[in-house]
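# Fold and geometry: a report
Read off the chains here:
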Amino acid sequence: MDISKIISSVDKAMHSLFQIILVVDRQGHNCQAVDFNLEFDNIADDPKDFDEFCENLNQNMHPVDRERFQRFVFPMNFPEELKTKVFVSMEARIRQKDDRYHWSEIIFCHAVDL
């Protein structure tokens, strides 16, 4: 069994499952878009502050979904929910590079400290 091939396979599967993989530093709320599908390069272009990233995402959110998204990313909401859950998620329509809205799932989950 070649562990490097297994890790590579899992890595490819993760990238195909998620449209944006974002790592957020809990202390400084800095975030880094680790990987994203090309449809989202209008959103995840550079490392940003988490609040800036959310504002950029909010601007590309379908108007009907914006208020719900703002409640979802509010700093007092998702960390509290993550105390009792493995992950929290919401579905919303996000404008992609083609200027059309597509349904996407946004997920916050526990991460290990590196």
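Below you will find a few notes about this structure. As the structure is a computational prediction, the values presented were derived from the model and not from experiment.

With that settled, consider the packing of helix H2 (residues 50-59) against helix H3 (residues 66-73). Running from N to C, H2 and H3 point in directions that differ by 165°, and their axes come no closer than 10 Å. Taken together, the axis directions place H2 and H3 in an arrangement best described as roughly antiparallel. Note that H2 runs across H3; the crossing there is right-handed. Across the interface between the two elements, Phe50, Cys54, Leu57, Asn58 and Gln59 of H2 pack against Arg66, Phe69, Gln70 and Val73 of H3. Class assignment of the residues belonging to the contact of H2 with H3 gives a composition of five nonpolar, three polar and one charged.

Our next topic: H3. For H3, every residue scored as buried is listed here: Phe69, Phe72 and Val73. Down the axis of H3, the smallest arc covering the buried residues is 85°, so these residues share one side. Each element contacted by the buried residues of H3 is listed here: H2, helix H4 (78-82), strand S4 (87-95) and strand S5 (101-109).

A word on unusual backbone geometry. Of note in the backbone geometry, Asp99 takes a positive phi value of approximately 70° without being a glycine. Along the polypeptide, Asp99 turns up in the loop between S4 and S5.

Let us look at the pattern of salt bridges. Considering all chains together, one arrives at five salt bridges under this definition. A salt bridge links Asp99 to Arg95; the shortest N-O distance between them is 3.9 Å. One network of salt bridges, with partners in common, ties together Asp65, Arg68 and Arg93.

On the surface, a nonpolar cluster with roughly 360 Å² of combined accessible area is contributed by Ile3, Ile6, Ile7 and Val10. By relative accessible area, Ile6 is classed as partly exposed at 35%.

Structurally, the position occupied by Tyr101 is in strand S5. Side chain to side chain, Tyr101 and Arg95 meet in a polar contact 2.9 Å long.

About the criteria used
- Residues numbered from 1 in each chain as written.
- Predicted model: local features only at pLDDT ≥ 70, side-chain atom pairs only at ≥ 80, totals over all residues.
- Heavy atoms only, no water.
- Axes fitted to C-alpha atoms, helices over the stretch in contact; angles between N-to-C directions.
- Helix = DSSP H or I, 4+ residues; strand = E, 2+ residues; numbered from the N terminus.
- Parallel < 35°, antiparallel > 145°, perpendicular 65-115°, else oblique.
- Left-handed = near helix turned anticlockwise from the far one by under 90°.
- Contact = heavy atoms within 4.5 Å.
- Nonpolar A, V, L, I, M, F, W, Y, C, P; charged D, E, K, R; others polar.
- Buried < 20%, exposed > 50% of the residue type's maximum accessible area, 1.4 Å probe, protein only.
- Arc of directions from axis to C-beta.
- Salt bridge = Lys/Arg side-chain N within 4 Å of Asp/Glu carboxyl O.
- Patch = residues over 30% accessible without salt bridge, like charges linked within 9 Å, V, L, I, M, F, W, Y side chains within 5 Å.
- Areas by Shrake-Rupley, 256 points an atom, 1.4 Å probe, with all protein chains shown as cover.
- Polar contact = N/O pair within 3.5 Å; in protein donor to acceptor, adjacent residues only side chain to side chain.

In short, geometric facts, not functional conclusions.
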